[in-house]
Amino acid sequence: MITIENGYRISIMLTEACNLRCNHCYMSANAKGETLSIEEIDNMIDNLPFNCLRISITGGEPYMCKEKLYYILKKIKQKFASKAPEVRLETNGFFFYHDDDTIIKEVENLINLGVTTLRLSDDEFHQQGGLDIQKLRNIEKVIKEKNLNIVVSTLFQDKAVAFGRAKTLTQDKLDKK
């Protein structure tokens, strides 16, 4: 949790589970990674301060536990009904990037759940981990074409720190820190 000018920026790792196997990942994310329980989600959201500026939901891949993703977004929306913070969802997009209709339906659902920013992973590491980059990029294209009310930001990495899976990367892909 980071305090910024009269408010907080909160990051919640919903799950360690991930459908990709990216070689830059600092976590040992896998399909069976740990996920927050409903009780942990309730406790966390109930105890958030009301002066949150931004809440980011991350993973692993949050869509690996879609019901809990929707649950936490509903809890945030209920708690901050009078003054909603920016709500960011970081995802690799895999679970809804297959066709335009699915993208539209899911993005509209996220907007209704209070998500204001969709952060997509668009880089060589994720592509090598199993992501279809062209389908991922189509998400942003469809959002723009349909004028859906959500900000799309792209998370692009070209270097990694030699930690976790990234220990196996070649020197040209490692950031010297």
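Conventions used here
- Residues numbered from 1 in each chain as written.
- Predicted model: local features only at pLDDT ≥ 70, side-chain atom pairs only at ≥ 80, totals over all residues.
- Heavy atoms only, no water.
- Helix = DSSP H or I, 4+ residues; strand = E, 2+ residues; numbered from the N terminus.
- Contact = heavy atoms within 4.5 Å.
- Areas by Shrake-Rupley, 256 points an atom, 1.4 Å probe, with all protein chains shown as cover.
- Polar contact = N/O pair within 3.5 Å; in protein donor to acceptor, adjacent residues only side chain to side chain.
- Core = buried A, V, L, I, M, F, W, Y, C linked by side-chain atoms within 4.5 Å.
- Buried < 20%, exposed > 50% of the residue type's maximum accessible area, 1.4 Å probe, protein only.
- Expected span 1.5 Å × (residues − 1).
- Salt bridge = Lys/Arg side-chain N within 4 Å of Asp/Glu carboxyl O.
- Axes fitted to C-alpha atoms, helices over the stretch in contact; angles between N-to-C directions.

*Asks:* Explain the overall build of the protein here, please?
*Replies:* Across its full length, the protein carries five helices and six strands. Traced from its N-terminal end to its C-terminal end, the protein shows the element sequence β-β-α-β-α-β-α-β-α-α-β. By sequence separation, contacts in the protein at least 24 residues apart represent 75% of the contacts at least 6 residues apart. For the protein, the computed accessible surface area is about 9900 Å², with 48% contributed by carbon and sulfur atoms.

*Asks:* Would you take a moment to explain the environment of Glu61 for this structure?
*Replies:* Position of Glu61 among the secondary structure elements: in the loop between strand E3 (52-58) and helix H2 (66-79). C-alpha separation for the pair Glu61 and Ala17, spaced 44 residues apart in sequence, amounts to 6.1 Å. Apart from the residues lying within four places of it in its own chain, the contact partners of Glu61 are Thr15, Ala17, Cys18, Asn19, Thr91, Asn92, Gly93 and Phe95. At 2.7 Å, the side chain of Glu61 and the backbone nitrogen of Asn92 are in polar contact.

*Asks:* Whenever I open this one, the environment of Phe95 confuses me. Can you help?
*Replies:* Relative to the assigned elements, Phe95 resides in the loop between strand E4 (86-91) and helix H3 (100-112). For the pair formed by Phe95 and Pro62, sequence separation is 33 residues and the distance between their alpha carbons is 9.9 Å.

*Asks:* Quick question: what am I supposed to make of unusual backbone geometry here?
*Replies:* Comment: phi is negative for the bulk of residues other than glycine, and the bulk of peptide bonds are trans. Backbone geometry at Asn147 places phi at a positive 55°, although glycine is not the residue there. Looking at the element boundaries, Asn147 is found in the loop between helix H5 (133-145) and strand E6 (151-155).

*Asks:* Got a minute to help me understand the nonpolar core in this structure?
*Replies:* Core analysis: the largest hydrophobic core is formed by 41 residues, its most contacted members being Ile55, Ile57, Ile72, Leu73, Leu118 and Ile139. Of all the elements in the fold, those that place two or more residues in this core are strand E2 (7-13), helix H1 (38-46), E3, H2, E4, H3, strand E5 (117-121) and H5. The residues contacting Ile55, other than those within four sequence positions of it, are Ile10, Ile12, Leu48, Ile76, Phe80, Pro85, Glu86, Val87 and Arg88.

*Asks:* Where do I start with H2 in this structure?
*Replies:* What sets the pattern is the α-helix's 3.6 residues per turn: residues three or four places apart point alike. For H2, which comprises 14 residues, the first-to-last C-alpha distance of 20 Å matches the rise-based estimate of 20 Å (1.5 Å per residue) to within 8%. Turning to H2, its buried residues are Leu69, Tyr70, Ile72, Leu73, Lys75, Ile76 and Lys79. Packing partners of the buried residues in H2 comprise E2, H1, E3, E4 and H3.

*Asks:* What's the story with the side chain of Thr58 in this structure? I'm lost.
*Replies:* The residue Thr58 is located in strand E3 in this model. Beyond its immediate stretch of four places on either side in the chain, Thr58 contacts Ser11, Ile12, Met13, Leu14, Thr15 and Glu90.

*Asks:* Looking at this structure, how should I read the pattern of salt bridges?
*Replies:* Side chains that carry opposite charge are capable of pairing whenever their charged atoms lie near each other. Counted by the stated rule, this structure contains six salt bridges. Here Asp46 ties to Lys75 by a salt bridge, and the two come within 3.2 Å at their closest N and O atoms. On the criterion of sequence distance, the pair formed by Asp46 in helix H1 and Lys75 in helix H2 is long-range, its members being 29 residues apart. One salt bridge connects Lys141 with Glu145, and the closest N-O pair in it is separated by 3.4 Å. On the criterion of helical spacing, the pair formed by Lys141 and Glu145 is a turn pair, its members being four residues apart in helix H5. Residue Lys141 is classed as partly exposed on the basis of its relative accessible area, which comes to 44%. Each of Asp42, Asp46 and Lys75 takes part in one network of salt bridges that share partners.

*Asks:* Looking at this structure, I do not really get the side chain of Thr91. What am I missing?
*Replies:* Mapped onto the fold, Thr91 is located in strand E4. There is a polar contact of 2.7 Å between the side chain of Thr91 and the side chain of Glu61. Within polar-contact distance, the side chain of Thr91 engages the backbone nitrogen of Gly93 at 3.0 Å.

*Asks:* Explanation requested: the packing of H2 against H3 in the structure shown.
*Replies:* Viewed as axis vectors pointing N to C, H2 and H3 meet at an angle of 35°, and their least axial separation amounts to 10 Å. Contact residues: H2 offers Lys66, Tyr70, Leu73 and Lys77, while H3 offers Glu106, Asn109, Leu110 and Asn112.

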